[in-house]
Amino acid sequence: MQSPPEPEGAAAAPPPDHAARNRLVILLLLVSAFTVILNETIMGVALPRLMTDLGITANAAQWLTTAFLLTMAVVIPITGFLLQRLNTRTVFLMAMGLFSTGTLICALAPGLGMLIAGRVVQACGTAIMMPLLMTTVMTLVPPESRGKTMGNISIVISVAPAIGPTISGVILAVLDWRWMFWLVLPIGLAALALGYARLQNVTEPRKAPLDLISVPLSALSFGGLVYGLSALGEGHGSGGAVPPWLPLAGGALVLVIFVLRQLRLGPQGRALLDLRTFRVKVFTVAVIMMAFCMMSLFGMIILLPIYMQNVLGMEPLEAGLLLLPGGLLMGLMAPFVGRTFDRVGARKLVIPGAVFVCAGLGAMATLGLQSAVWQVLACHVILSIGLALLFTPLFTSSLGSLPKDLYSYGSAVIGTVQQVAGAAGIALFVSIMSIRIGSEMASGASLTEATAAGVQAGFLTGALISLVMIGASFFVRRPPDMRPDA
């Protein structure tokens, strides 16, 4: 076998002296990414406690989530430029330094203002970490082994958000809300220290120009869309002080300008977010399916606890624990799905995965006032199996289909789509639920009956939309250089 090129070695096994280095880099990035993504969904269960302790309204408390999503949507598009311009170690230290600083600010926060500021700083580190992880894996791991490694990344993407509410519920059952940050801070600091001491550079930075006009366009477009979708979900279709349609329309308009500018600058190598990635059909189809996956995941994370607590009368800790088996199942399946992808390709996994997601959401639409706990658990497990079958093949096929110089931009595109789709899923599911609740209560139903009907309507809408995923799954392919005979 021919020896791999010295600096990059992405298409063949690395030299023995680099193998240990690469394993350490990927493991450190995986643990760090799991920590920062877990933190993204840990606040949901804590909002009622924060409203009481800080004496704030529900609308004010929601800014802890909205500000986080907004920051992610604004920062992620810039990561493509950062990963091109800076080396691995610098970007990692920047990400974990910001995350640890934000966590400390949150732990010490005396009121809502500083708590929101801490969440914004946390989000800046989180936004950098995921594109860094995916770009590094695509650079270091040979094509024929990427499925197994992407399976481990799927644990970060799918399991961390799923178990975040569970961990939050356990902490709040015995400790003050600040311990959600005090317990995370040592992990962030340990990763930062280990990265400073042991992490080596595995990529070669190059001079990448920064288009100063694209930065505010990116912030206004993606920020406007996420803010509008979040306001739509929180305001149940009506929004708050600012009508949701205003930031949505403004964000969409600026997005068109941003896209046109990136398409013009892409061939010149000056794009902030190189959208030539969408010229690759496999990447485009996989990203569309990933958007539906994130809509389903975040919509379920919001609606199912509402159903369990407000309809079935479960405690927050009980509701969180009931979601744990599905989250753990996704984690256990991820390495298996990754190895299977390396052997059989994408379609044999994503087609049944899309069917399972549709079936899980459809089953959730049948849950009612008298549903047993085991029925809720079964529905969640079915949906979790579907998501586990989808995440790894979609991540691997999408990035693996791109030329190497577009890995960082592809990672940034995926991260941006995830945030916008997650906000859209929350907005869609919650708005449909709220509209149905209002309709049922106007007809004389009790709040509990109306909530059950609203949750059913939200999940039924998700099941109908997921039919698109089943159709799209037939067009997902494994890139040619990732086939065993390549």
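The shown structure was predicted, so the numbers you read here are calculated from the model rather than taken from an experiment.

Colleague: Tell me about the packing of aromatic side chains, and name the residues and values.
Modeller: Across all of its chains, the model carries five aromatic pairs by this definition. Ring plane angle 90° and centroid distance 6.4 Å describe the contact between Trp177 and Phe181, whose orientation is recorded as edge-to-face. Between Phe429 and Phe459 the ring centres are 6.2 Å apart and the planes differ by 85°, which places this aromatic pair in the edge-to-face class. With Phe429 in helix α16 (residues 407–442) and Phe459 in helix α17 (residues 447–473), this pair connects stretches of sequence that are 30 residues apart.

Colleague: An account of the packing of helix α12 (residues 281–310) against α16 is requested, with residue identities and associated values reported.
Modeller: Two elements in contact, α12 and α16, have axes whose closest approach is 7 Å; the angle formed by their N-to-C orientations is 40°. Taken together, the axes of α12 and α16 lie oblique to each other. Note that α12 runs across α16; the crossing there is right-handed. The residue makeup of the contact of α12 with α16, split by class, is 20 nonpolar, six polar and no charged.

Colleague: If you had to explain the nonpolar core to someone new, which residues and values would you point to?
Modeller: Grouped together as the largest cluster of nonpolar side chains are 130 residues, with contacts concentrated most on Phe92, Met129, Leu304, Met308, Leu394 and Phe459. Counting residues per element, this core draws most heavily on α12, at 19 residues. When neighbours within four sequence positions are excluded, Leu304 is seen to be in contact with Leu323, Met364, Leu367, Val376, His380 and Phe459. Among the nonpolar cores identified, the runner-up in size contains 20 residues, and Ile42, Ala109, Leu112 and Ile116 belong to it.

Colleague: I'd like a description of a nonpolar patch on the surface, backed by residues and values.
Modeller: A surface patch of nonpolar side chains, about 630 Å² in accessible area, is lined by Leu104, Leu108, Val174, Leu175, Trp179, Trp182 and Leu183. Contributing elements (two or more residues each) for the nonpolar patch: α5 (88–108) and α8 (179–182). Of note, Val174 is situated in helix α7 (residues 146–174). Of the residues examined, Val174 reaches a relative accessible area of 67% and is grouped as exposed.

Colleague: I'd love a proper account of the pattern of salt bridges, names of residues and values included.
Modeller: Within the structure shown, the criterion is met by three salt bridges. Of the charged contacts in the structure, one is a salt bridge between Arg178 and Asp176, with a shortest N-O distance of 4.0 Å. Assessed through its relative accessible area of 24%, Arg178 is described here as partly exposed. The closest approach of N and O atoms between Asp274 and Arg276, which form a salt bridge, is 2.6 Å. In this structure Asp274 comes out as buried when scored by relative accessible area, which is 3%.

What counts, and at which threshold
- Residues numbered from 1 in each chain as written.
- Predicted model: local features only at pLDDT ≥ 70, side-chain atom pairs only at ≥ 80, totals over all residues.
- Heavy atoms only, no water.
- Phe/Tyr/Trp six-rings, centres within 6.5 Å; stacked < 30°, edge-to-face > 60°.
- Helix = DSSP H or I, 4+ residues; strand = E, 2+ residues; numbered from the N terminus.
- Axes fitted to C-alpha atoms, helices over the stretch in contact; angles between N-to-C directions.
- Parallel < 35°, antiparallel > 145°, perpendicular 65-115°, else oblique.
- Left-handed = near helix turned anticlockwise from the far one by under 90°.
- Nonpolar A, V, L, I, M, F, W, Y, C, P; charged D, E, K, R; others polar.
- Core = buried A, V, L, I, M, F, W, Y, C linked by side-chain atoms within 4.5 Å.
- Buried < 20%, exposed > 50% of the residue type's maximum accessible area, 1.4 Å probe, protein only.
- Contact = heavy atoms within 4.5 Å.
- Patch = residues over 30% accessible without salt bridge, like charges linked within 9 Å, V, L, I, M, F, W, Y side chains within 5 Å.
- Areas by Shrake-Rupley, 256 points an atom, 1.4 Å probe, with all protein chains shown as cover.
- Salt bridge = Lys/Arg side-chain N within 4 Å of Asp/Glu carboxyl O.

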